[in-house]
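What follows is each chain in one-letter form.
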Amino acid sequence: PPEWGGGLKGYSKRYGAAFADNTICSLVTTGLMPSLLKQDPRYYQGRAHGFLPRLGYAAKSSVVTRSRNTGHKEFNASEIGGTLIVASVGNLYYPANSHNVPDTLTRWAMQAMWDTVANELKEFWPDIKKKLHHQ
């Protein structure tokens, strides 16, 4: 937010907000929500072969998870709902003029996007690591 200004003070506010967003998101989307909804928050590397199928599988994991009770696939309400909760909680520490629906939905979309990027890294990191160690 521009009202946080520049320099060390502005950077500190931005860093603190990002740290809070990520910490709260981890607690809510991998702890609280999966416990309440009985969903498995873990990421399982896919069995698909080829770059595009694996890319799609990793992205889909943000919206599809497994039930802890049955093991069946279901909508990942822990992730989608959890990131929306986190974006809403952000209204407690973001500037007052950011406490509106478009800004809250933007924070939600950004957090969901970063969580999807994290899934992509979880999917492809073993391959990247293997390539790096063989050079």
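Reading the values: rules and limits
Residues numbered from 1 in each chain as written. Predicted model: local features only at pLDDT ≥ 70, side-chain atom pairs only at ≥ 80, totals over all residues. Heavy atoms only, no water. Helix = DSSP H or I, 4+ residues; strand = E, 2+ residues; numbered from the N terminus. Buried < 20%, exposed > 50% of the residue type's maximum accessible area, 1.4 Å probe, protein only. Contact = heavy atoms within 4.5 Å. Areas by Shrake-Rupley, 256 points an atom, 1.4 Å probe, with all protein chains shown as cover. Lys, Arg positive; Asp, Glu negative; His and termini not counted. Charge placed at Lys NZ, Arg CZ, Asp CG, Glu CD. Patch = residues over 30% accessible without salt bridge, like charges linked within 9 Å, V, L, I, M, F, W, Y side chains within 5 Å. Salt bridge = Lys/Arg side-chain N within 4 Å of Asp/Glu carboxyl O. Pairing = 2+ DSSP bridges. Axes fitted to C-alpha atoms, helices over the stretch in contact; angles between N-to-C directions. Parallel < 35°, antiparallel > 145°, perpendicular 65-115°, else oblique. Left-handed = near helix turned anticlockwise from the far one by under 90°. Nonpolar A, V, L, I, M, F, W, Y, C, P; charged D, E, K, R; others polar.

(A) Broad picture of the overall build of the protein. Secondary structure assignment for the protein yields four helices and three strands. For the protein, the sequential pattern of α-helices and β-strands runs α-β-α-β-β-α-α. With the principal axes as the frame, the protein shows a C-alpha extent of 50 × 45 × 20 Å. The 135 residues of the protein split such that 30% are buried. In the protein, of all internal contacts separated by at least 6 residues, the share reaching a separation of at least 24 is 61%. Carbon together with sulfur atoms contributes 66% to the accessible area of the protein, which is approximately 8,800 Å² in total. Taking the average location of the 16 positive side-chain charges in the protein and that of its 10 negative ones, the two points are 6 Å from each other.

(B) How the structure looks around a nonpolar patch on the surface. Where nonpolar side chains cluster on the molecular surface, the patch consists of M110, M113, W114, V117 and L121 and spans about 460 Å² of accessible area. In this structure, L121 sits in helix α4 (residues 101-133).

(C) Seen up close, the pairing of strand β2 (residues 64-67). Both strand β1 (residues 39-40) and β2 contribute to a ladder of two bridges, which runs antiparallel. Paired with D40 across the bridge in β2 is R66. Hairpin connection of β2 to strand β3 (residues 73-75): five residues between the antiparallel strands, including G71 at a positive phi of 80 degrees.

(D) Inspection of the packing of helix α1 (residues 7-37) against helix α3 (residues 77-89) at higher detail. Where α1 meets α3, the axes come as close as 8 Å, and the angle between the chain directions of the two elements is 135 degrees. When the axes of α1 and α3 are compared, the pair comes out oblique. Where α1 crosses over α3, the handedness of that crossing is right-handed. Here α1 contributes D21, I24, C25, V28, T29, M33, P34 and L37 to the contact with α3, which in turn contributes A77, S78, E79, G81, G82, T83, I85, V86 and V89. Of the residues belonging to the contact of α1 with α3, the class tally is 10 nonpolar, five polar and two charged.

(E) Seen up close, the side chain of T83. Looking at the secondary structure, you find T83 in helix α3. Look at T83 and you get buried, because its relative accessible area is 0%. For T83, the residues in contact, after removing those within four places along its chain, are C25, T29, S78, W108, Q111, A112 and D115.

(F) Inspection of a positive patch on the surface at higher detail. A surface patch of positive charge is lined by R47, K60, R66 and K73. Relative to the elements of secondary structure, R47 occurs in the loop between β1 and α2 (51-60).

(G) Looking closely at the environment of V28. Here V28 is to be found in helix α1. A residue is classified by how much of its surface remains accessible, and V28, at 9% relative accessible area, is buried. When the C-alpha positions of V28 and K130 are compared, they lie 32 Å apart, and in sequence the two are 102 residues distant. In this view, V28 contacts M33, P34, G82 and V86; residues no more than four positions away in its chain are not counted.

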